[in-house]
Amino acid sequence: MSQLRVWFASSEVAPFAKTGGLADVAGSLPKALKKLNVDIRVVMPKYSQIDPSWVSKMEFVGSCQVELSWRKQYCGIYKLDYDGVTYYFIDNEFYFFREWYYGLGDDGERFSFFCKAVLEVLPLIGFQPDIIHLNDWQTGMVSLLLDAHYRHREGGFYKRIHTLFTIHNLKYQGVFPKSVLSDLLGLDWKYFHLNGVEYYDQVNFLKAALSYSAMISTVSRTYAEEIKYDFFGENLQDILRRRSADLIGIVNGIDYEHNDPKTDPRLYAHFDAQDLTGKYENKRRLQQELGLMVKEDVPVVSFISRLVDQKGLDLIEYMLHEMMDLGIQFVVLGSGEWRYEEMFRQAQARYPGRVSANIKYDGVLAQRIYAGSDMFLMPSLYEPCGLSQIFSMRYGTVPIVRETGGLKDTVIPYNVSTKEGTGFSFANYNAHEMKDALARAIEVYKNKEEWESLVRRCMKQDFTWESSAREYKDLYNDMLKRFNA
Ligand code: ADP
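In this report, we go over the structure that sits alongside the text. (Residues numbered from 1 in each chain as written. Predicted model: local features only at pLDDT ≥ 70, side-chain atom pairs only at ≥ 80, totals over all residues. Heavy atoms only, no water.)

With that out of the way, let us pick up helix H13 (residues 363-372). Counting buried positions along H13 gives seven out of ten residues, so the element sits mostly inside the fold. For H13, the complete set of buried residues consists of Leu365, Ala366, Gln367, Ile369, Tyr370, Ala371 and Gly372. On its buried side, H13 packs onto helix H10 (277-289), strand E13 (300-307), strand E14 (329-336), strand E15 (355-358), strand E16 (375-378) and helix H14 (388-394). The N-terminus of H13 is capped by Asp362, whose side-chain oxygen sits 3.1 Å from the backbone nitrogen of Val364. (Buried < 20%, exposed > 50% of the residue type's maximum accessible area, 1.4 Å probe, protein only. Helix = DSSP H or I, 4+ residues; strand = E, 2+ residues; numbered from the N terminus. Contact = heavy atoms within 4.5 Å. Polar contact = N/O pair within 3.5 Å; in protein donor to acceptor, adjacent residues only side chain to side chain.)

Our focus in this paragraph is the nonpolar core. Formed by 102 residues in total, the largest nonpolar core has its most connected members in Trp7 and Met141. Element by element, the count of residues in this core is highest for helix H4 (residues 107-125), at ten residues. Setting aside residues up to four positions removed in sequence, Trp7 forms contacts with Arg41, Val43, Tyr88, Val118, Val121, Leu122, Ile125, Phe127, Pro129, Ile131, Ile132 and His133. Membership of the second largest hydrophobic core comes to 70 residues, among which are Val300, Val301, Tyr395 and Tyr445. (Core = buried A, V, L, I, M, F, W, Y, C linked by side-chain atoms within 4.5 Å.)

So, about the pattern of salt bridges. By the definition in use, this model includes 39 salt bridges. In this structure, the salt-bridge partner of Arg241 is Asp230, at a minimum N-O distance of 3.8 Å. One end of the pair, Arg241, is in helix H9 (residues 237-242); the other, Asp230, is in the loop between helix H8 (221-226) and H9, with eleven residues separating them in the sequence. On the basis of relative accessible area, Arg241 is assigned to the partly exposed category, the value being 40%. The exposed category is assigned to Asp230, whose relative accessible area is 54%. A network of salt bridges, in which partner residues are shared, links Lys31, Asp83 and Asp255. (Salt bridge = Lys/Arg side-chain N within 4 Å of Asp/Glu carboxyl O.)

Right, let's talk about the sheet that holds strand E9 (residues 198-199) for a bit. Pairing is antiparallel across the open sheet formed by three strands, whose spatial order is E8-E10-E9. Every interior strand has two partners, whereas the edge strands, strand E8 (175-177) and E9, have only one. Here E8 pairs with strand E10 (residues 202-204) via three bridges, running antiparallel. Residue Phe176 lies in a different strand from E10, and its bridge partner there is Val203. Sheet strands in contact with helix H7 (residues 205-212) are E8, E9 and E10, and its direction is about 60° off that of E10. (Pairing = 2+ DSSP bridges. Axes fitted to C-alpha atoms, helices over the stretch in contact; angles between N-to-C directions.)

It is worth spelling out unusual backbone geometry at this point. Cis geometry is adopted by the peptide bond preceding Pro15, which originates at Ala14 and carries an omega value of 10°. For Pro15, the location among the structural elements is in the loop between strand E1 (5-9) and helix H1 (21-35). Within the chain, Asp136 stands out as a residue other than glycine whose phi angle is a positive 60°. Its place among the elements puts Asp136 in the loop between strand E6 (131-135) and helix H5 (142-150). Residues other than glycine seldom take positive phi values, yet Asn235 does so here, at roughly 70°.

Turning our attention to the layout of surface pockets. Size it by volume and the second largest pocket reaches roughly 260 Å³. Residue lining of the second largest pocket: 13 residues in total, with Ala32, Lys35, Thr464, Trp465 and Glu466 positioned closest to the centre. Among the elements of the structure, H1 and helix H18 (466-483) are those that each provide at least two residues to the lining of the second largest pocket. In terms of residue count, the dominant contributor to the lining of the second largest pocket is H1 (four residues). Each residue belonging to the lining of the second largest pocket can be placed in one class, and the counts come to six nonpolar, two polar and five charged. (1 Å grid on protein atoms, 1.4 Å probe; cavity = no way out; pocket = protein on both sides within 12 Å on 5 of 7 lines; lining within 4 Å. Points joined across faces, edges and corners; volume = space filled by probe spheres on them. Nonpolar A, V, L, I, M, F, W, Y, C, P; charged D, E, K, R; others polar.)

All told, the structure shown has 37 aromatic pairs when counted by the stated rule. Ring geometry for Phe60 against Tyr78: centres 5.2 Å apart, planes inclined by 65°, an arrangement best described as edge-to-face. With a gap of 18 residues between them, Phe60 in strand E3 (residues 59-68) and Tyr78 in strand E4 (residues 71-82) connect regions that are remote in the sequence. Classification of Phe60 as partly exposed rests on a relative accessible area of 43%. Seen from the ring of Phe94, Arg98 lies directly overhead, with NZ or CZ sitting 5.6 Å from the centre. Positioned above the aromatic ring of Tyr280, the side-chain terminus of Lys448 is 4.9 Å from the ring centre. (Phe/Tyr/Trp six-rings, centres within 6.5 Å; stacked < 30°, edge-to-face > 60°. Lys NZ or Arg CZ within 6 Å of the ring centre and 35° of its normal.)

Moving on: the packing of helix H11 (residues 313-324) against helix H12 (residues 338-350). Two elements in contact, H11 and H12, have axes whose closest approach is 11 Å; the angle formed by their N-to-C orientations is 20°. The pairing of H11 with H12 is recorded here as roughly parallel in orientation. For the pair H11 and H12, the sense of crossing is left-handed. Counted together, Leu313, Asp314, Ile316, Glu317, Leu320 and His321 of H11 and Arg339, Tyr340, Met343, Phe344, Ala347 and Arg350 of H12 form the full contact between these two elements. Of the residues belonging to the contact of H11 with H12, the class tally is seven nonpolar, one polar and four charged. (Parallel < 35°, antiparallel > 145°, perpendicular 65-115°, else oblique. Left-handed = near helix turned anticlockwise from the far one by under 90°.)

On to the site of the ligand. The ligand sits among 20 residues. The nearest are Arg306, Lys311, Lys360, Tyr370 and Leu387. Separating an oxygen atom of the ligand from a side-chain N or O atom of Lys311 is a distance of 2.9 Å. Between the ligand and the protein, one listed contact pairs an oxygen atom with a side-chain N or O atom of Tyr370 at 2.7 Å. Considered on its own, the ligand offers 570 Å² of accessible surface; in the complex 90% of this is hidden by protein. Of all elements in the fold, only H1, E13, E14, H13 and H14 reach the threshold of two or more residues within the shell around the ligand. Tallied by class, the residues present in the shell around the ligand amount to eight nonpolar, six polar and six charged. (Near = heavy atom within 4 Å. Areas by Shrake-Rupley, 256 points an atom, 1.4 Å probe, with all protein chains shown as cover.)

So, in structure tokens, the structure goes:
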């Protein structure tokens, strides 16, 4: 069988541009697929935020014009080989030289351009993929554009290309005024209906992807089931139910090389599952750096996240004082909604030496907190996969999670009788249940030997990309069998 060719499109890819978990995935899954002998190439916008040290290494490949209805826009293509993978960057300074990645008032136009460019540049770079793997709403129009404008072009270049769309978070959908359809994408109004792109009289990019992609995946098995229900479906549950035969869940992994407590240069001290001495050193230094009381036997509970409703912050708000009464220290790193930022600032003022509120985005501090804490709290309302609980286990910090989405799939509830499991969990979105899970964790924490064996078990879990990348490869192959038959 000839080598599988995949064109992987994402609006964010680490280490070039990152605002959340999507970038982590786009920066590590292609590398794992490459190791499985897939000819995968990644395409993303050439944002002004990309560090000049990367830009100076890029090679100009060529340029073409992208038609957005009556507009003809310049599209430059740059290329960079990094870590065994080839990355392509779509250049247009009008669209991508901006202060921030999103939310600039014309995202509908910016990502219409990106979706068209993803298809337009392929003949130019001489790459004819079997599969285009799309990620989140910013790439949502590619499948429909492929069917409407490209598939039947003379020469048959696009004829046998099939699309897989991965949902990383259903909440963010890219909804724009309906004029986008004809005025930018140059698409016929026949696609503007309930089973097409129409969404409350607007155009929805994510819905377009769900309607027109050959296959759909999401980032955990449980989330793949949950989103078919009204509670999790974000008003797209009907179409997800309709397409349930083409929808699968594949859990995310993390990059074990760049996130290794034995070598991570961001840590105060190194450690592994055999020797936890370095972990205690990280805890001591973290307490010092953050102005907490330096106490080895007090459990340090941490929370690293975007401060948005999804992450279960109202439970923490309701239960914060009772949680503090359990005798913990609490470390927060995050930014987002003002009311939650303020809640943590006030908690720090009320509990000096016991609460540390770090209201910012800080990749180095994040790593030090994963390594220096005892427990990691993640009481999410919903969680497509979640990477933070995986990072925390990798660094020997025991997760306390709500049983939803990927949290349910990656954390095994601790059983006090058999001493099996990797964390503490609760089922209902209820503040008392969250506190109860924390209290159970603290009970086990009091027995040092039992706790350390739990810590070691967390560290030995395998969340590398290897097996999930294999599942993606199998899925690509199945798609070819099914759609090229
Ligand atoms: P989501 O994608 O919903 O934000 P994930 O758990 O999948 O949640 O991924 C979050 C990623 O962002 C993790 O790598 C986490 O460490 C990182 N992160 C979140 N908030 C911060 C912050 N304030 N500073 C540094 N890293 C952060």
